[in-house]
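# Observations on the model geometry
In case you want the letters, here they are:
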Amino acid sequence: HRLVHTAQIPIIVYGLRSDFKGNPFEGAVWLLTLADSIEELKTICDCERKATMNVRLDASGTRVREGEQVLIGDATYRSVCGTCFYTK
């Protein structure tokens, strides 16, 4: 943020707001706090509502509700709407 405003260097970033448990990523909190503008990339849940949350699925497609905030490799992530996040 400081570099953008003191050195006039444009910076564009991309990130998720929250993890598979609905908790914010620390970096996302700072990005949302300091951003001069925010452009949301929209996606659709399987139920056809706007997806705003993420769920983690194991290898068999079962939703995972516990574990490390970031897991790369043996996990699949799906974007879902708030209703599906809390009820499915």
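A quick note: this is a predicted structure, and the numbers were derived from the prediction, not measured.

A word on unusual backbone geometry. Most peptide bonds are trans, and most residues other than glycine sit at a negative phi. Although it is not a glycine, Q8 adopts a positive phi angle of roughly 55°. Positionally, Q8 belongs in the loop between α1 (2-7) and α2 (26-34). Look at Q8 and you get exposed, because its relative accessible area is 60%. We note that E48 has phi near 80°; this positive angle belongs to a residue other than glycine. Its location among the elements puts E48 in the loop between α2 and β1 (53-57).

Turning our eyes to something else, we now look at the pairing of β1. Summarising burial for β1: five of the five residues are buried, a large majority. Because side chains alternate across β1, one face comprises the buried residues M53, V55 and L57, and the other comprises N54 and R56, equally buried. Pairing of β1 with strand β2 (residues 63-64), which is carried by two bridges, proceeds in the antiparallel orientation. Counted as the bridge partner of L57 is R63 from β2. Connecting β1 to the next strand, β2, in antiparallel fashion are five residues, including G61 with a positive phi near 90°.

It is worth spelling out the nonpolar core at this point. Grouped together as the largest cluster of nonpolar side chains are nine residues: C45, A51, M53, V55, L57, V80, C81, C84 and F85. Elements supplying a minimum of two residues to this core: β1 and α3 (82-87). Excluding residues within four positions of it along the chain, L57 makes contact with T62, R63, V64, A75, T76 and R78.

The next thing to look at is the sheet that holds β1. One open sheet holds the three strands; their spatial order is β2-β1-β3, and the pairing between them is antiparallel. Only two strands of the sheet have a single partner each, and these edge strands are β2 and β3 (76-80). Sheet topology places β1 next to β3; five bridges connect them, and they run antiparallel. Residue pairing for β3: N54 is matched across the bridge by S79.

Basis of the calculations
- Residues numbered from 1 in each chain as written.
- Predicted model: local features only at pLDDT ≥ 70, side-chain atom pairs only at ≥ 80, totals over all residues.
- Heavy atoms only, no water.
- Helix = DSSP H or I, 4+ residues; strand = E, 2+ residues; numbered from the N terminus.
- Buried < 20%, exposed > 50% of the residue type's maximum accessible area, 1.4 Å probe, protein only.
- Pairing = 2+ DSSP bridges.
- Core = buried A, V, L, I, M, F, W, Y, C linked by side-chain atoms within 4.5 Å.
- Contact = heavy atoms within 4.5 Å.

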